[in-house]
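Here is what each chain is made of, one letter per residue.
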Amino acid sequence: MRSPSPSRPSRPPRPARLRGPRRFAAVLLCAAAALFPTAVPAAAAAPPPVPGTLQAYDVDSVFSAGVSSGGYMATQLHVAYSGTFEGSAVFASGPYDCARGQLATALNACMDTTQNLQLAALEQTTRDRSAQGQVDPVANLAGDPVYVFSGAGDATVKRPVVDALADYYGRFGARVRYDRSTAAGHAWITPIGPNSCTVTQSPYLNNCGIDAEGALLGHLFGAVAAPGSGTGGSLIRFDQNLYAPGGSAAALSMGGEGFAYVPSSCAEGARCRLLVALHGCKQGYAYQGFGTRFVENAYLNEYADTNDTIVLYPQAAPTATLENPNGCWNWWGYLGDTAYARHGGKQIEAVMGMVRALGGGTGTPPPTSGRTVLSSTDAQDGYVKAAADGSGAAVGTLEDLSGLALGRGTDGKVNRSLVSFDTSGIPVGKVITRAWLTVTRSSGSGDPWASPAGNRLLVDLRTGCFGGCAVEPADWSAAASVAGAARIDAFSSGSAVSTDLSAEALAALNRGGVTQFRLGFASAPAATAYLFVNRDTPVTLTVEYR
């Protein structure tokens, strides 16, 4: 029988949630992994992963945890979206945005101590970003529980760097518990880890004879029931491409597959917590056959079973280039993502998409300074059809009768639709904070999102027009200013709202004239599968600003 969860301490209401190099040094940077400990339990076989999708549960609180690069990402998530995350547990990493977008700083100040990490400047950067709306209000961090761990044997991320993380959180009034009690190497400390405490070697899962998971979860949650077997729920394997800005997890150095452990109590409707657990470098599912060892041995599923907690395990993945060969989380700005530590950071937004899909972070968004809803320009809207390779393109003729076509029609042609907006209507002098498209289904046949499985309806953006502003055949394959600026998930009736436009797309909106969007499926459906949208009403573009 499952032990009952302890009663949860009441929490004060939080402010409204906002929605809102590289070469050999990179190899060195990623030589990290995970950290944590427990006492004596015997390892139990985790349930085998089953293919599935993320669905919403009754989630009332969200927390982050991570080790090494995953620890840095856990802090980035907590600071950037402190209206969603109520606390964090961090092992073997330093303060928020320590690297400042520089690999050399990451190596010398945020792992080693040969360079001053300038903690006061990092604090001020956080406060400035909060004032500018680039991260949630720093006032949210006051009182948040934060668990910090550093092992005396960790030569990868040295003790003074982790000390600075504890100091950083203290400057914002967080309740910090700092464990410096063991000689642990650079690893996630777990009582079912195969490594001895002091080593730093794969799989970076060390047994130090302590229950760090019980300690960290007890600090985050207030109290915890004793762990169970970790086999009483389901381990869901899901497609991370569905949450990646632009529709490609690989383009963000993330794996195609992520995992979520869902206890039976949560699946049956209990009110549950959500913990986002982030592996370290060389610990991702896609890294050299590492597989699910972190998922199975982090000793979180055991506590999840008896404490009504869903554990989300997002997965980073190595790049084929020297940008990120060891599959680290992005904490120094690789692949050109300058927003990696704030709203709009590609990996952050991917994880936030997963959190929202599971039912976390769905509170009422805060009021914005302003909002403009623009309707598409009918005379410049239309669709283009072509063979799957783009050959034989022609302008579609059924817009007035059926609407804008998407997917593969009965004639075997693949359709893409164009919509235009006069974005000079966005008020001058305002900073755009968020934007999205709304489309309305008119009719359709088949399911183009399932042909092939996991197909994605992507939105490309063009500053100005793809060619002439009137629809023309060349629009089918014309270059976009921002490809995959947003995504529209499957819907069978009514209206659908796209994901938020990416930070790059927001910057590409033409404040002086027309911005065009092209909607099309990432892959050509294998057989007839299409939908028509907006036959009777225009597509709308909603823009929020301050």
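This write-up is about the structure you can find in this document.

What counts as what
Residues numbered from 1 in each chain as written. Predicted model: local features only at pLDDT ≥ 70, side-chain atom pairs only at ≥ 80, totals over all residues. Heavy atoms only, no water. 1 Å grid on protein atoms, 1.4 Å probe; cavity = no way out; pocket = protein on both sides within 12 Å on 5 of 7 lines; lining within 4 Å. Points joined across faces, edges and corners; volume = space filled by probe spheres on them. Helix = DSSP H or I, 4+ residues; strand = E, 2+ residues; numbered from the N terminus. Nonpolar A, V, L, I, M, F, W, Y, C, P; charged D, E, K, R; others polar. Expected span 1.5 Å × (residues − 1). Buried < 20%, exposed > 50% of the residue type's maximum accessible area, 1.4 Å probe, protein only. Arc of directions from axis to C-beta. Polar contact = N/O pair within 3.5 Å; in protein donor to acceptor, adjacent residues only side chain to side chain. Pairing = 2+ DSSP bridges. Contact = heavy atoms within 4.5 Å. Axes fitted to C-alpha atoms, helices over the stretch in contact; angles between N-to-C directions. Disulfide = S-S within 2.5 Å. Parallel < 35°, antiparallel > 145°, perpendicular 65-115°, else oblique. Left-handed = near helix turned anticlockwise from the far one by under 90°.

1. Quick notes on empty space enclosed by the protein
Quantified by volume, the largest cavity comes out at close to 30 Å³. Every residue lining the largest cavity is listed: Leu217, Phe221, Leu300, Tyr303, Ala304, Thr309 and Val311. Broken down by secondary-structure element, the contributors of at least two residues to the lining of the largest cavity are α6 (212-221), α9 (301-306) and β12 (309-313). Considering only residue class, the lining of the largest cavity consists of 6 nonpolar, 1 polar and no charged.

2. Focus on helix α4 (residues 119-132)
Taking 1.5 Å of rise per residue, the 14 residues of α4 would be expected to cover 20 Å, and the 20 Å separating its terminal C-alpha atoms lies within 8% of that figure. When we look at burial in α4, the residues that qualify are Leu119, Leu122, Glu123, Thr126, Arg129 and Ser130. Angularly, the buried residues of α4 cover 130° about the axis, an arc narrow enough to put them on a single face. Residues of α4 that are exposed and angled more than 90 degrees away from the buried face: Ala120 and Ala131. Immediately downstream of α4, the backbone of Gly133 shows phi near 80°, a positive value.

3. Comments concerning α6
Buried residues dominate α6, accounting for 10 of its 10 residues. At the N-terminal end of α6, a side-chain oxygen is found 3.3 Å from the backbone nitrogen of Glu213, two or three residues along, and the residue is Asp211. Phi for Gly222, located one or two positions after α6, is positive at around 105°.

4. Looking at the sheet that holds β12
Read from one edge of the open sheet, 9 strands run β1-β9-β10-β12-β11-β2-β3-β4-β5, paired in mixed fashion. Edge strands, defined here as strands with exactly one partner in the open sheet, are β1 (50-51) and β5 (175-179). Across 5 bridges, the pairing between strand β4 (residues 145-149) and β5 is parallel. When the bridges of β5 are listed, Val146 appears paired with Val176. Most of the contacts of helix α2 (residues 69-80) go to strand β3 (residues 85-91), to which it runs at about 160°, and overall it touches β2 (59-67), β3, β4 and β11 (272-278).

5. Description of the side chain of Asp136
In this structure, Asp136 sits in the loop between α4 and β4. Given the relative accessible area of 1%, Asp136 is considered buried. A polar atom in the side chain of Asp136 sits 3.4 Å from the backbone nitrogen of Ser82. Reaching out from Asp136, the side chain makes a polar contact with the backbone nitrogen of Gly83 at a distance of 2.9 Å.

6. Digging into the environment of Lys346
Topologically, Lys346 is positioned in helix α10 (residues 346-357). C-alpha of Lys346 to C-alpha of Gly246: the two residues are 100 residues apart in sequence and 9.1 Å apart in space. Residues in contact with Lys346, not counting those within four places in the same chain, are Pro245, Leu252, Asp337 and Glu504.

7. Description of the state of the cysteines
Using the criterion set out here, one finds 5 disulfides in the structure. With its sulfur 2.1 Å from that of its partner, Cys98 forms a disulfide with Cys110. Disulfide Cys98-Cys110: torsion about the S-S bond near -100°, hence left-handed. In this pair, Cys98 sits in the loop between β3 and α3 (103-108) while Cys110 sits in the loop between α3 and α4, placing the two residues 12 residues apart along the sequence. In this structure Cys110 comes out as buried when scored by relative accessible area, which is 0%. Through a disulfide, Cys266 is tied to Cys272; the S-S separation comes to 2.1 Å.

8. Remarks on the pairing of strand β22 (residues 514-521)
Counting buried positions along β22 yields 7 of 8 residues, so the element is predominantly enclosed. Relative to β22, strand β17 (residues 414-422) is paired through 6 bridges, and the arrangement is antiparallel. Opposite Val419, over in β22, you have Phe517 as the bridge partner. Taken together, the 7 bridges between strand β19 (residues 457-463) and β22 define a ladder with antiparallel strand orientation. Of the residues in β22, the one forming a bridge with Asp460 is Arg518.

9. Section: the packing of α4 against helix α5 (residues 159-171)
Their axes nearest at 10 Å, the elements α4 and α5 cross at an angle of 40°. In terms of axis orientation, α4 runs oblique to α5. The handedness of the crossing between α4 and α5 comes out as right-handed. Contacts between α4 and α5 involve Leu119, Ala120, Leu122, Glu123, Thr126 and Arg127 from the former and Ala164, Asp167, Tyr168 and Arg171 from the latter. Its residues assigned to classes, the contact of α4 with α5 shows 5 nonpolar, 1 polar and 4 charged.

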